[in-house]
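Take a look at the letters that make up each chain.
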Amino acid sequence: MDEHIGKPPGEPEGRYFTDSSQGIRKGTMIVPLHAEHLDDLAELERMAFSRPWSYDALAEELQNPLAVFYVAEDVEAESAVAYLGMHHILDECAITNIVVHPAFRRQGIATRLLKEARDYAERHEVKRITLEVRAKNEAAIALYEGLGFEKDGVRPGFYDSPKEDAALYSLNLD
């Protein structure tokens, strides 16, 4: 069985960017999550988050019919350098995680992953994409707002290590 998620029948297998004209680092490919990405994604999680998803938690998403995960691969290095995970429930998608390796930040990869999520949502008649972000993560908030996400509220004390509020954002696609 070909283990990957986020690729319903008829969806493209991946998008390869040979130059930066699409707003993404040259030599990067956006593909659905495959089992061979799990080690890289678990390492990205450990690098980025104080409470990272484990390898096993990521592996469980391969079997989750609601999970839609996109991975940015550095084709030359043959490694995952970023990913976005979300759950598609009825007419909404909830982004669970987005992370980019520190050496690959500010190169358009997060933007491209978010556009990939939006493209998926539009193809599947999703009405809204939601996400939570640390309230003090100004760079991520600027990215989300720049792509049309709007702040819906705050979830006090949501994050640990350190304790921090979560800002709730959504993108309405109606």
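Here the structure is shown first, and the text comes after it.
(A) Focus on unusual backbone geometry. Here the bond from serine 161 into proline 162 is cis, since omega is 0 degrees, no more than 30 degrees from zero. Examined against the element boundaries, proline 162 turns out to sit in the loop between strand 8 (150–159) and strand 9 (164–172). For arginine 106, which is not glycine, the phi torsion reads 65 degrees and is therefore positive. Residue position: arginine 106 is located in the loop between strand 6 (92–100) and helix 3 (109–123). Phi angles above zero are rare outside glycine, and serine 161 is one such case at about 55 degrees.

(B) Molecular detail of the pattern of salt bridges. Counted by the stated rule, this structure contains eleven salt bridges. Note that arginine 112 and aspartate 119 form a salt bridge whose closest N and O atoms lie 3.5 Å from each other. Judged by its relative accessible area of 10%, arginine 112 falls in the buried class. Ionic pairing is found between aspartate 152 and arginine 128, a salt bridge with its closest N-O pair at 3.8 Å. In this pair, aspartate 152 sits in strand 8 while arginine 128 sits in strand 7 (residues 128–134), placing the two residues 24 residues apart along the sequence. According to the relative accessible area criterion, arginine 128 is partly exposed, its value standing at 27%. Overlapping salt bridges bring together Arg51, Asp160 and Lys163 as one network.

(C) Main features of the pairing of strand 9. Counting buried positions along strand 9 gives seven out of nine residues, so the element sits mostly inside the fold. Relative to strand 9, strand 7 is paired through seven bridges, and the arrangement is antiparallel. Within strand 9, the residue paired with arginine 128 across the bridge is asparagine 172. In the sheet, strand 8 pairs with strand 9 via six bridges, with the strands oriented antiparallel. From the neighbouring strand, glutamate 150 faces strand 9, where its bridge partner is serine 170.

Criteria and cut-off values
- Residues numbered from 1 in each chain as written.
- Predicted model: local features only at pLDDT ≥ 70, side-chain atom pairs only at ≥ 80, totals over all residues.
- Heavy atoms only, no water.
- Helix = DSSP H or I, 4+ residues; strand = E, 2+ residues; numbered from the N terminus.
- Salt bridge = Lys/Arg side-chain N within 4 Å of Asp/Glu carboxyl O.
- Buried < 20%, exposed > 50% of the residue type's maximum accessible area, 1.4 Å probe, protein only.
- Pairing = 2+ DSSP bridges.

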